Structure formats: structure tokens, C-alpha cells
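One-letter residues, chain by chain:
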Amino acid sequence: MQLENYNSASEITVMGVCLVMVVLLLVSFKVRMKTFRIFAVTLGILIFATGADLMLHYLMDKNPDTPRNIIYGLRSLYHVLLFAMLHHFVVYACTATALTREARNPYVTLATALMITFSIADTVAIYTGRSMYIIDGKIAFEGSLIFTIGYGLFVVLIATLLYRVRHRLYRRVMIGFFWVAVISVGMLAVSRIRIQSTFTATTFLFPLIAVMYLMHSNPYDVQLGANDLRGLNNLIRYSDENGKNYLFLSLYMRELDENGKTMSEEMRSLIRHVAETYYRKSVLFQVSNGHMLLMVPKDKNPGYEERTKEILKEFDTEYEKFRYDYKMVIGETTRELSRKNDYIIFIRSIHARIPENTIYRVQADDLNKFRMYEAVLKEVADIAAKKNMEDPRVLVYCQPVYNIRTGKYDTAEALMRLLLEDTGMIFPDLFIPLAEENGYIHALTQIILNKTCTALNNLIAEGYGITRISVNVSAMELREPDFCADIGSIIDKSGLDASRIAIELTESRNDSDFLLMKERIEELKQKGITFYLDDFGTGYSNMERILELPFDIIKFDRSMVIAGGQSKRSEQVLGSLAELFSKLHYSVLYEGVEDEKDENMCRELNASYLQGYKYSKPIPISELRRFLEKAS
Ligand code: C2E
Ligand code: CA
Ligand code: CA
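Definitions and limits used
Every residue gets a number counted from 1 within its own chain, in the order that chain's sequence is written. Key to labels: chains lettered from A, ligands numbered from 1, both in the order written. Given that the model is predicted, a residue must reach a pLDDT of at least 70 before its local features are reported, and side-chain atom pairs must reach 80 or more before they are shown or counted; all residues, however, enter totals for whole chains, interfaces and linings. Heavy atoms throughout the structure, all of them, feed into the side-chain values; hydrogens and water do not. Note on conventions: DSSP H or I runs of at least 4 residues are helices, E runs of at least 2 residues are strands, and numbering of each starts at the N terminus. Atoms considered for the radius of gyration are the C-alpha atoms alone. The globule rule reads 2.2 Å times the number of residues to the power 0.38. We call two residues in contact whenever any of their non-hydrogen atoms come within 4.5 Å of each other. Calculation of accessible area relied on Shrake-Rupley with a 1.4 Å probe; when residues are assessed, cover is drawn exclusively from the protein chains displayed. Charged-residue counts in this description rest on Lys and Arg as positive and Asp and Glu as negative, His and the chain ends being excluded. Taken as the charge location is NZ of Lys, CZ of Arg, CG of Asp or CD of Glu. Listed donor atoms are N, O and S within 2.8 Å of the metal (Na, K and Ca: 3.2 Å). As water is not included, a site may look incomplete. The classification of residues rests on relative accessible area computed with a 1.4 Å probe and restricted to protein chains. Under 20% of the type maximum is buried, over 50% is exposed, and intermediate values are partly exposed. Two aromatic rings, drawn from Phe, Tyr or Trp (for Trp, its six-membered ring), form a pair once their centres lie within 6.5 Å of each other, and the interplanar angle then sorts them: stacked below 30 degrees, edge-to-face above 60, tilted otherwise. A positively charged side chain is recorded as over a ring if its NZ (Lys) or CZ (Arg) lies within 6 Å of the ring centre. The angle to the ring normal must also be within 35 degrees. For two strands to count as paired, DSSP must find a minimum of two bridges between them. We call a crossover right-handed when, viewed with both strands directed away from the observer, the connection leading from the first strand over the helix to the second proceeds clockwise. Multiply 1.5 Å by the residue count of a helix minus one, and that product is the helix's expected span. What the arc describes is the spread of directions from the helix axis to the C-beta atoms. Two cysteine sulfurs form what is called a disulfide whenever their separation falls within 2.5 Å. Fitted lines through C-alpha atoms give the axes, limited to the stretch in contact for helices. The angle between two N-to-C directions lies from 0 to 180 degrees. The cut-offs work like this: below 35 degrees is roughly parallel, past 145 is roughly antiparallel, 65 to 115 is roughly perpendicular, and the gaps in between are oblique. For this classification, the nonpolar set comprises Ala, Val, Leu, Ile, Met, Phe, Trp, Tyr, Cys and Pro, the charged set comprises Asp, Glu, Lys and Arg, and every other residue, Gly included, is treated as polar.

Caption draft 1: Layout of the overall build of the chain. For the chain, the helix and strand inventory stands at 23 helices and 20 strands. Since a compact globule built from 632 residues should have a radius of gyration of about 26 Å, the 36 Å found for the chain marks it as more spread out than a globular shape. Each principal axis of the C-alpha distribution contributes one length, and for the chain these read about 120 × 50 × 40 Å. Put simply, 72% of the contacts in the chain that link residues at least 6 apart link residues at least 24 apart. By element, 56% of the accessible surface of the chain is carried by carbon and sulfur atoms, the whole surface being about 30,200 Å². The positive charge centre, built from 73 side chains, and the negative charge centre, built from 77, are 6 Å apart in the chain.

Encoded structure:
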């Protein structure tokens, strides 16, 4: 027989820590999944268990004559609750590691059996005085090992379970659990040796702290309040399981993503404000540096349509200050996307086809378009991965360009098409933005350049009078560290003279891209490559910058040709621009010349080259022979 050595401090601490953990869970982990609820219940049981033991000691302190049965009752309640907590912990581990029903059944059944058996045995031991009795208002132990054995068996069961699921968990998490278990068992041993039942509750707390830290620490940006992608996946899984629907608002700011700029404090506080004030229980996620996603539970926000309108109004007035380009997509979750957790790719597929600074509301047909997008993305990824310079899926079309000085079609523009098994022929308006956004564009460029070189070599060998073919390059490709080397080596390998190849680039708006573009053009011009400024007149044409870049030919966009044909004033503007470029020794090419009227106007306006449907639609490059024969 040994007297209990008790001090309430540790149990009060355990209770306090549990409550703190509950508070932290509630505020930080906004996505209430099933595992979250099970874990919270586990914490709750421990709070009640320590409560029972505290009550027991409190009663004994206050009133040494407290009836024995009440004391025994509280002690067995304490133990039963601790077993219940261990049982719940097993359920938690099975759920958190996503074990199938069949796989988890033996563990849960065993845990239930252990809980019931030892609860009964322990209670019987207590009431029959084999576990403890009361002497002079103090608790004395009678050396029954029932509770310890039960605890030990649970530890073995949980250890076996963790061993079984070890491949499902990140290794470091497993190592974490292992050491926490070692420390807990060590603490329990110490508490038994010193007859300090005080520590019992503490050893139950340790695994819970480990779970909280390892499984539920939910990283989010402290300033923005945004959760990361893992949280989003959890939320979507949860909403799918519970048939909950969400409204989503996505805000994408390309510049923040591409240049790794940090968001300004004003922007941050606007986002925070919108996320916090307009909807109830909405959760903000940060998909990437410049991509925010607000998920709004529809059931908690009956008036969400109105609120959304208010947000857009506020956004409109506030946004002026920030001047980032943006794309906004608003839609609702659907089962079809939830199951595959496709929202981010879905939203990206929409970004790929909407212009900057627009707000887009998802429509029914978007899902079909998305399936198409996905299919194409898969193929493009495959093309990029295989790096086959002859990949048959990449087709080279070309559009001959009329040279006014020579009166011949002696240059052409290469235009890409994809021929895919499932979807047939795909046009650039679909796959170019997709390839750009997902980082595959440079791979495609290399293939089309290679194929263009081969075709051009053949045409020259057969005696056709084609002097040069231009290939389109996307501005973002210039960031590829080996851009110049890649282009140079493809041309060199083909044996073509570099002056036979031209590159078409569009203007870019930001400073770092501008400097990079300048460097790249200068380097490749040294090799003899010609440069075209594409789509002049569509962007924010910055003349000062354009003139700083060593382009050879300026391609006036079809929209300029159209405008010129519509008003005298536009024609004058067009004429002065063309004259300016000519004076500065650029050649002027008009794109989208569709008829005689367009042609006559362009001829008047300093044209050196003409391109458009009037002469030819884009044709497979192999058909260029026939075109040239007919034209001569
Ligand atoms: P772009 O470089 O401005 O190419 C000219 C586009 O205008 C072509 O569309 C062409 O078919 C079309 N076009 C030609 N003449 C006329 C005309 O008289 N009237 C009208 N309305 N349109 C005309 P396409 O082939 O669909 O290409 C669209 C865009 O896709 C291209 O615009 C270019 O930006 C991009 N693209 C095409 N091939 C490539 C490529 O290999 N690499 C990259 N990075 N982009 C490409
Ligand atoms: Ca072009
Ligand atoms: Ca163009």
C-alpha cells in the first residue's frame, strides 16, 4: 500500500492547455473536416477526464467525509474517460490517415474491446478496493495494475496502427510521433515509480500536442489571413463529403506572380477587408504569390449575390490605386470539379482566355471548355516532356507575305497548329495561352523553329525564292536562361544561314522584361537573325521603348488597318506612324490585309510588306510550293 502523492497543479495545467488548443484550432484551422471534429472531441474528453479527477481531489480536500462511492465513482470516471480518449485517438488516427473501412475495422474493434474490458475491470477493481482505498482522507494504492496494463495495450495498438500506416504519412511526422510516444511512456513510468498520479493526465496530453502540431498546424499568411493550398484541398474535400456548396472569388495578379514582387500594404488590406467583412465564414486562400481565392459557404450567406455586387463596386473604386493588372473569376463549386480537386486548373483555364483587367462569371459551358483545355494541356505537357524536335503533333502552317519592293512573296510567317488524336486540330488561341501559363511555350517554339528550318532548307534546295521565314516567340520565353543558345543551336544544326530566320515579338510592359528583351535581341541579332515587332497598335505602344529595341520590321496589327479604313483621322494617325518608322529605317508590314481597299490604303501608307487573307490564308508549310508556283 502506498499513499498517493497528488498536486492539482498539473491537472489544471492540462485542462488549460487543452482549452488553449481548442481556441487555437477554432481560430486558425478554419476548414472543419471530419478529422478536425474527431480531434476536437478527443481534446474535450481529456478536459472532462481531468475535470473528474480534479473534482475528486477537491471533494476530498474540502470534506474528508465525502462518501466513498462518490470518490470511487469519480476515479473510475476519470479512468474510463482516459480509455475513451485513447479509443478516440485510434479512430482519429484511422481517419487522419484515410484508412479504408475494411482496414480500420480491426483497429477500431480492438480499441472498443480494450476500452470496454478495461473500463469494467478497472471500475470493479476500484469498487472492490483492489485498486485504491481511502485512508485518513488520503488516497492509497493497492498495487492493481489494471489501468497500467490497459494503457500499455492501447500504446501497443496505437504503435501497431502507426506502423501499419507509416507509408501514408510523411516520414518526419512519423519520427515526431515516435519520440512523443517515447517521452509519454517515460513520463508515465516516472509517475508510477514516484506514485505521482499527478503526471497521468500529462502523458495523455503529449500525443494530442503532437497531433495538433504535426497534423493540424495550418500555415497561413499572418498578415493576409490566407491559408495555403493544403487548406484549400481540405476544404474542397470536406465540402464534397458534406454536399456543401461554395461561391468562389478568384483574383489573379500576373505581375505579382511573375516578378515575385510583394503585394503592397494597401492591396493587402483591401483583400483582408473584402475577405473579412462581406461574407460570413468565408475562407481566403493564397494559391500563389499573386493568386487569391475566397471560398464562401453559400448556406451561411443567403444574400451572397448582393454582397458580391457590393464587392465588385468597392473593388472598382479602390483598385485604381494599385494598378496591378488583374483577372477575376467568380463561380460556384460543382461536384464534377470537386472530385478531382480541379478548381485551380479550371480557373487557370479561364485566365488563359480572358483579357487582363476583366471580371468573368463562370457559365455552364465553361466546364466543357475546361475538359477540352485539360485534354490539350495534357498533350502539350507531353510534347514538352518528350522534346522530340520532329513531334508530329506540332504542325507548321505559314502565311506568305507580299514584298512590295520585289513584287514577290519572298517571306512568310510560320504559325503553329496542334494536331491531337482526341481533339483534332487545335488553334493557337486555345493552346498558346495555355502553353505560356504552364511553362511549355519554349518547348513548342523550339519544335516549330526546327521544323521551319527543315522546311525552309528544302524550299531553298528546290529553288524556291523564299528568303526568310519568321517564327513567333512569346515574351516570357525570353526568361529562359538558355533562350539564345537554344535558338542558335537549332538554326546552326539545320545548316541555314541565321539571316533566313526572323523572330516576331510583341511589346512587353514591364521594366525587367524590357531590359531582358533588349539583351536577347541584341545577342541574337549578332548572329544575323531579323526581328519583327508584332501586333503594333494593340498594346500600350510605348514609342520611346520601341525605338530603343533594335527591331527591323514593325508589323501593324489588323486593328490598325481596320481603323484606318473607317475614319480619315485614324488613317492620318496610321500614316504618320508608318512614316515615322520608315524615316527611322524600319520596314513597315501591314497585317490582316483582307481586300483591295485595305491593300490600296496600305500601299499609300509607307508599306514595305503586306500580309493577309487577300493573298493567302495560313496554309500547311508543305503547300507553300504550290502557292509560290501559282503566284509567279
Ligand atoms: P499573329 O502572330 O498576329 O498571327 C497572325 C494571325 O492573324 C494568324 O492567326 C492569322 O491566321 C491571322 N490572320 C492572317 N491574315 C489575316 C487577315 O487578313 N484577317 C484576319 N482577321 N486575320 C488574319 P493564327 O494563326 O490563329 O494565330 C493567332 C496568334 O497565335 C498569332 O497571332 C500569334 O500571336 C500566336 N501564334 C501562332 N503561332 C505561334 C507560335 O508558333 N508561337 C507563338 N508564341 N505564338 C503563335
Ligand atoms: Ca505574328
Ligand atoms: Ca500579329
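Caption draft 2: Expanded view of the coordination of the calcium ion (ligand 3). The protein atoms that coordinate the calcium ion (ligand 3) are Asp 534 (OD), Asp 535 (OD), Glu 591 (OE) and Glu 591 (OE), at distances spanning 2.1 to 2.6 Å. Counting along the primary sequence, the residues that act as donors to the calcium ion (ligand 3) give the motif D-D-x55-E. Separating the calcium ion (ligand 3) from the calcium ion (ligand 2) is a distance of 3.9 Å, and Asp 534 supplies a donor atom to each of them. By relative accessible area, Asp 534 is classed as buried at 8%.

Caption draft 3: The arrangement of the packing of aromatic side chains in detail. This model, assessed by the stated rule, comprises 20 aromatic pairs. Consider the rings of Phe 83 and Phe 147, whose centres lie 5.2 Å apart with planes at 50°: the pair is tilted. A residue pair is termed long-range when its members are at least 10 positions apart, and Phe 83 in helix 3 (residues 68–96) and Phe 147 in helix 5 (residues 146–164) qualify at 64 residues. You'll find Phe 83 and Phe 147 in the same group, each marked buried. The residue whose ring lies beneath Arg 166 is Tyr 163, and the NZ or CZ to ring-centre distance is 3.9 Å.

Caption draft 4: Expanded view of the pairing of strand 15 (residues 501–506). The element strand 15 is largely enclosed, with a buried count of 5 among its 6 residues. Pairing analysis gives 4 bridges linking strand 14 (residues 468–472) to strand 15, with the strands arranged parallel. Within strand 15, the residue paired with Ile 469 across the bridge is Ile 501. In terms of handedness, the path from strand 14 via helix 17 (residues 483–494) over to strand 15 forms a crossover that is right-handed. Of the strand pairs in this sheet, strand 15 and strand 16 (residues 530–536) are connected by 5 bridges, and their pairing is parallel. Note on strand 16: the bridge partner recorded for Ile 503 is Phe 531.

Caption draft 5: The arrangement of helix 17 in detail. In this model helix 17 runs 17 Å from its N-terminal to its C-terminal C-alpha over 12 residues, within 8% of the 16 Å that 1.5 Å per residue would give. Every buried residue of helix 17 is accounted for by Phe 483, Cys 484, Ile 487, Gly 488, Ile 490, Ile 491 and Ser 494. Considered in projection along helix 17, the buried side chains sweep an arc of 160° and stay on one side of the axis. Facing away from the buried surface of helix 17 by more than 90 degrees, the exposed residues are Ala 485 and Lys 493. Along its buried surface, helix 17 packs onto helix 16 (441–461), strand 15 and helix 18 (511–527).

Caption draft 6: Quick peek at the state of the cysteines. Summed over all chains, the structure comprises 0 disulfides. Of all cysteine sulfurs in the structure, the one in Cys 398 sits closest to Cys 453, which takes part in no disulfide; the separation is 14 Å. Considering cysteine sulfurs only, Cys 453 is the nearest to Cys 484, which forms no disulfide, with 15 Å between them. Under the relative-accessibility criterion, Cys 484 is labelled buried at 7%.

Caption draft 7: Local environment of the sheet that holds strand 2 (residues 132–135). In space, the 3 strands of this open sheet follow the order 1-3-2, with antiparallel pairing throughout. The sheet is open, and its two borders are formed by strand 1 (2–3) and strand 2, each paired with just one other strand. Here 4 bridges tie strand 2 to strand 3 (residues 138–141), and the two strands are oriented antiparallel to one another. Note on strand 3: the bridge partner recorded for Ile 134 is Ile 139.

Caption draft 8: Geometry of the packing of helix 4 (residues 101–127) against helix 5. For the pair helix 4 and helix 5, interaxial distance at closest approach is 9 Å and the crossing angle is 170°. By the angle class used here, helix 4 and helix 5 are roughly antiparallel. Counted together, Ala 103, Tyr 107, Leu 110, Ala 111, Leu 114, Met 115, Phe 118, Ala 121, Asp 122 and Ala 125 of helix 4 and Ile 146, Phe 147, Ile 149, Gly 150, Leu 153, Phe 154, Leu 157, Thr 160, Leu 161 and Arg 164 of helix 5 form the full contact between these two elements. Of the residues contributing to the contact of helix 4 with helix 5, the split by class is 16 nonpolar, 2 polar and 2 charged.

Caption draft 9: Region of interest: unusual backbone geometry. A positive phi is found at Lys 387, a non-glycine position, where the angle reads about 50°. Inspection of the secondary structure assignment puts Lys 387 in the loop between helix 14 (366–386) and strand 11 (394–403). A positive phi angle, close to 70°, is found at His 585, a residue other than glycine. With respect to the helices and strands, the residue His 585 is situated in the loop between helix 21 (568–583) and strand 18 (587–590). Given the relative accessible area of 74%, His 585 is considered exposed.

Caption draft 10: Focus on the environment of Pro 392. The residue Pro 392 is located in the loop between helix 14 and strand 11 in this model. We classify Pro 392 as exposed; its relative accessible area is 60%.

The values reported here are purely geometric and, on their own, carry no functional implication.
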